[in-house]
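Listed below, chain by chain, are the residues.
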Protein chains: 2
Amino acid sequence: MIHEAGRNPTIQEVARLAGVSQSTVSRVINGSPRVSATARAAVEQVIARVEYVPNNSARNLAQRHSDTVAVVIPDPANRLFGDPFFASLLGGITAGLTDNDLQLVLLRPLSQRDDERAQAYLRGGHVEGAIFVGLVIGDTRPRRLFDRGVPVVVVGSAPDPAISNVDCDNREGARLATAHLVECGRLKIATITGALEGVSAQERLAGYRDALAAGGLEVDPRLEVPGDYDPELAVEAAKLILQREPDIDGLFVASDTMAAAALRVIQDSGRRVPEDVSIVGFDDSAVARMTRPLLTTVAQPTEAMGREAANLLAGLIGAGGGAPRHVVFAPALVVRETSAARL
Amino acid sequence: MIHEAGRNPTIQEVARLAGVSQSTVSRVINGSPRVSATARAAVEQVIARVEYVPNNSARNLAQRHSDTVAVVIPDPANRLFGDPFFASLLGGITAGLTDNDLQLVLLRPLSQRDDERAQAYLRGGHVEGAIFVGLVIGDTRPRRLFDRGVPVVVVGSAPDPAISNVDCDNREGARLATAHLVECGRLKIATITGALEGVSAQERLAGYRDALAAGGLEVDPRLEVPGDYDPELAVEAAKLILQREPDIDGLFVASDTMAAAALRVIQDSGRRVPEDVSIVGFDDSAVARMTRPLLTTVAQPTEAMGREAANLLAGLIGAGGGAPRHVVFAPALVVRETSAARL
DNA sequence: GTGAAAGCGCTAACAG
DNA sequence: CTGTTAGCGCTTTCAC
């Protein structure tokens, strides 16, 4: 679109008005020291008067860079956008990007067509790098992009050793949660998993099993109910568990939102929490402080993870590549009220 | 950055390899019908082989448009990013934008410097339009941008008749909520407001007063406690109310997250909800289904609002301006368990 | 310190 | 249907 009203002045006009050359204007815009004080003053005056703003496309074209990075969220199931985890993560990313003078473009391919467009966009030289969130196992997009020379970092498990990532130790977090349940004297501990197409959910499941084994408890597939990070589905999962194994006394749920949903189902079944069934969630999002009783959960530094992802990417961009880095944050158990020792 | 590995082929090279001119390549890229089948085939073949992807900056420069719009969130308090309302809204915006083949760049100026950068970015001809969210009363940024010829739509109250907006009837929503409390026979109804620097919170407060007046109840400033859409602050607000007016029997809270927090405080004080104190929230976000008892609230079609904002903006961009449009969605009372008739 | 000039990669008339 | 030719607005050598 060309907007009559908004016809922006160009560097040429500024130069003419200031009685200097384009080059000089360009120099003052870019803060070059090789400009006389008088010239600088004249140019700045004109810039202010005509409200000149450089055209980004032209600048990017000439400089061959854009100072923008993409955040890619393949979220067909619309899971991520509903979860406080994501909001918090995105908050951290935006903050970190801003600190590095990088712009953020949000890509959220919903359809096949969207995805093609997104890929083309990423490769179109329009971004300096990309952050992937919510990846599913086997997704080769980060790697393909990386192979084209675009710096990439993924939040979550690295799909490839060459790809930098920032993650939380999901397995350890789940182990912490489940071990806590074991320590509470719980003997039949079930779990509602996250979306198992993703590594994080797999890891949390593994951590759950680790703790069970370490506690001398049997690992029983019947106690493992697949969830999807979707609270609605968690309701069904909880009902299923209760029906199949009415005598469970412990439950580890792979996210707080799902845990909150499961908590309700269990309470509605007439069981007391934490006395009859103890529950531990994951994330320590705001909802953990909204349930009754308050949710025991595993905290992960979501916002910090987002910030770190941004910083990592900024580093990669600045270094023009360099060795991949893998940073993993430590989870921490937060004991609240949904877990207690068996009497 | 120039990435050696990623040195993208240009349209020139494709043309040479395919034995045609740049123009022809450009035509097939842009889907022009004026290309022979053979030429098209040859070009497409080469494009696929060398993995050619057009450079966006060059294209934008030549076409003088970018197909991207900005979503601006002046969120110094970090309120919005924590609220499910925002996540849902953003989900709607991204979906709507995608439908219109528009890219989204997220601008979240946190500091003065960020803000200057953001303004420059917006005026730099890099975006086709902008959506503002979470505006504070008196913010002239949308108008200033609009005056430069950039299409603008704000989510929330229109800061100016010339600016298009999409909103929910906040006043009516709050009236609905409070009238419901009145109908429940509640006689001393307090409120925890949102951030009063924003219009939405002001409107919700007005709606609360409307309903009180209509119900023959006194409007008492002592029953109006300022909040900030922040659950932490809501805890303090609730405590303050209880201390100041121990005999309240109804409470309207301007957001679900705050309501959930207030609910806890009230329960912890030994009061029964809904019997002693009935509570109504606002938003009908996921947290309303996580509290115990379930939260009675006012639903606003958050995702649809986001979608509409995107569509509105797309229309404005396509029409090259045109008359401003103001679309307001109707709120709806959702009665759950935190409200009940007085016995 | 400053200007002239040559592109950056692509689109868009304009001929043919 | 296709090629030629100008730019789009800015950065960047390279002389002066």
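See the structure shown above.
Predicted, not measured: the structure shown is a model, and the values here were computed from it.

The rules behind each value
- Residues numbered from 1 in each chain as written.
- Chains lettered and ligands numbered in written order.
- Predicted model: local features only at pLDDT ≥ 70, side-chain atom pairs only at ≥ 80, totals over all residues.
- Heavy atoms only, no water.
- Near = heavy atom within 4 Å.
- Polar contact = N/O pair within 3.5 Å; in protein donor to acceptor, adjacent residues only side chain to side chain.
- Helix = DSSP H or I, 4+ residues; strand = E, 2+ residues; numbered from the N terminus.
- Nonpolar A, V, L, I, M, F, W, Y, C, P; charged D, E, K, R; others polar.
- Phe/Tyr/Trp six-rings, centres within 6.5 Å; stacked < 30°, edge-to-face > 60°.
- Buried < 20%, exposed > 50% of the residue type's maximum accessible area, 1.4 Å probe, protein only.
- Lys NZ or Arg CZ within 6 Å of the ring centre and 35° of its normal.
- Pairing = 2+ DSSP bridges.
- Contact = heavy atoms within 4.5 Å.
- Axes fitted to C-alpha atoms, helices over the stretch in contact; angles between N-to-C directions.
- Least-squares fit on C-alpha atoms with pLDDT ≥ 70 in both.
- Arc of directions from axis to C-beta.
- Core = buried A, V, L, I, M, F, W, Y, C linked by side-chain atoms within 4.5 Å.

> Run through the protein's contact with DNA strand C, naming residues and quoting values.
Inspection of the region around DNA strand C gives 26 residues, with A:Ser23, A:Arg27, A:Ser36, B:Ile11 and B:Tyr52 positioned closest. Backbone sugar and phosphate groups make up 58% of those atoms of DNA strand C lying within 4 Å of the protein. Measuring from a base oxygen of DNA strand C, one finds a backbone N or O atom of A:Ala62 at 3.4 Å. B:Ser26 places a polar side-chain atom, nitrogen or oxygen, 2.9 Å from a phosphate oxygen of DNA strand C. Elements with a contribution of two residues or more to the surface near DNA strand C: helix H2 (22–29) and helix H4 (56–63) of chain A together with helix H2 (22–29) and helix H4 (56–63) of chain B. Its residues placed into classes, the surface near DNA strand C shows ten nonpolar, eleven polar and five charged.

> Please provide a residue-by-residue account of the packing of aromatic side chains, values included.
Scanning the model with the defined rule gives four aromatic pairs over all chains in all. Note on A:Phe81 and A:Phe86: the rings are 4.9 Å apart at their centroids and 45° apart in plane angle, and the pair reads as tilted. Assigned by exposure class, A:Phe81 and A:Phe86 land together as buried. The positively charged end of B:Arg204 is found above the aromatic ring belonging to B:Phe282, 3.8 Å away from the centroid.

> Any details on the sheet that holds strand S6 (residues 189–192) of chain A? Residues and values, ideally.
All names here are of chain A. If you trace the four strands from one edge of the open sheet to the other, you get S7-S6-S8-S9, paired in parallel fashion. One side of each edge strand has no neighbouring strand; the edge strands of this open sheet are strand S7 (224–225) and strand S9 (278–280). Examined bridge by bridge, strand S8 (residues 250–253) and S9 share three bridges and lie parallel to one another. Across the sheet, Leu251 pairs through a bridge with Ile279, a residue of S9. Against the sheet, helix H11 (residues 231–244) makes contact with S6, S7 and S8, and its axis sits at roughly 155° relative to S6, the strand it touches most.

> Can you tell me about the sheet that holds strand S2 (residues 103–107) of chain A, naming the residues and giving the values?
Pairing is mixed across the open sheet formed by twelve strands, whose spatial order is S11(A)-S5(A)-S4(A)-S3(A)-S1(A)-S2(A)-S2(B)-S1(B)-S3(B)-S4(B)-S5(B)-S11(B). Since the sheet does not close on itself, it has two edges, and those belong to strand S11 (326–329) of chain A together with strand S11 (326–329) of chain B, each with one partner. Strand-to-strand, the axes of this sheet are offset by a mean angle of 20°, without reference to chain direction.

> Which residues make up the relation of the copies chain B and chain A, and what values go with them?
Between chain B and chain A, which share one sequence, the superposing operator has a rotation angle of 180° and an axial displacement of 0.1 Å; the RMSD is 0.2 Å. Expressed as a symmetry operation, the mapping of one chain copy onto the other fits a two-fold axis. A high fraction, 98%, of the interface residues of chain B reappear at the interface in chain A, so the copies pair face to face through one surface.

> Talk me through the protein's contact with DNA strand D; I want residue IDs and the actual numbers.
Inspection of the region around DNA strand D gives 25 residues, with A:Ile11, A:Tyr52, B:Ser23, B:Arg27 and B:Ser36 positioned closest. Restricting attention to atoms of DNA strand D within 4 Å of the protein, one finds that 57% of them are sugar or phosphate atoms. With respect to DNA strand D, the backbone of B:Ala62 contributes an N or O atom lying 3.3 Å from a base oxygen. If you list the elements that add at least two residues to the surface near DNA strand D, you get H2 and H4 of chain A together with H2 and H4 of chain B. The biggest single contributor to the surface near DNA strand D is H4(A), with four residues. Taken together, the residues of the surface near DNA strand D sort by class into ten nonpolar, eleven polar and four charged.

> Would you mind going over H2(A) in detail, with residue names and values included?
All names here are of chain A. For H2, every residue scored as buried is listed here: Thr24, Val25 and Val28. The buried residues of H2 occupy an angular sector of 100° when projected down its axis, which confines them to one face. Looking at the buried side of H2, the elements it contacts are helix H1 (11–18) and helix H3 (37–50). A positive phi of about 65° marks Gly31, the residue just after H2.

> Give a description of the nonpolar core that names residues and reports values.
Grouped together as the largest cluster of nonpolar side chains are 58 residues, with contacts concentrated most on A:Val133 and B:Val133. Beyond its immediate stretch of four places on either side in the chain, B:Val133 contacts B:Val71, B:Val72, B:Ile73, B:Pro74, B:Leu80, B:Leu89, B:Ile93 and B:Val155. Membership of the second largest hydrophobic core comes to 41 residues, among which are B:Ala174, B:Ile192, B:Leu263 and B:Val280.

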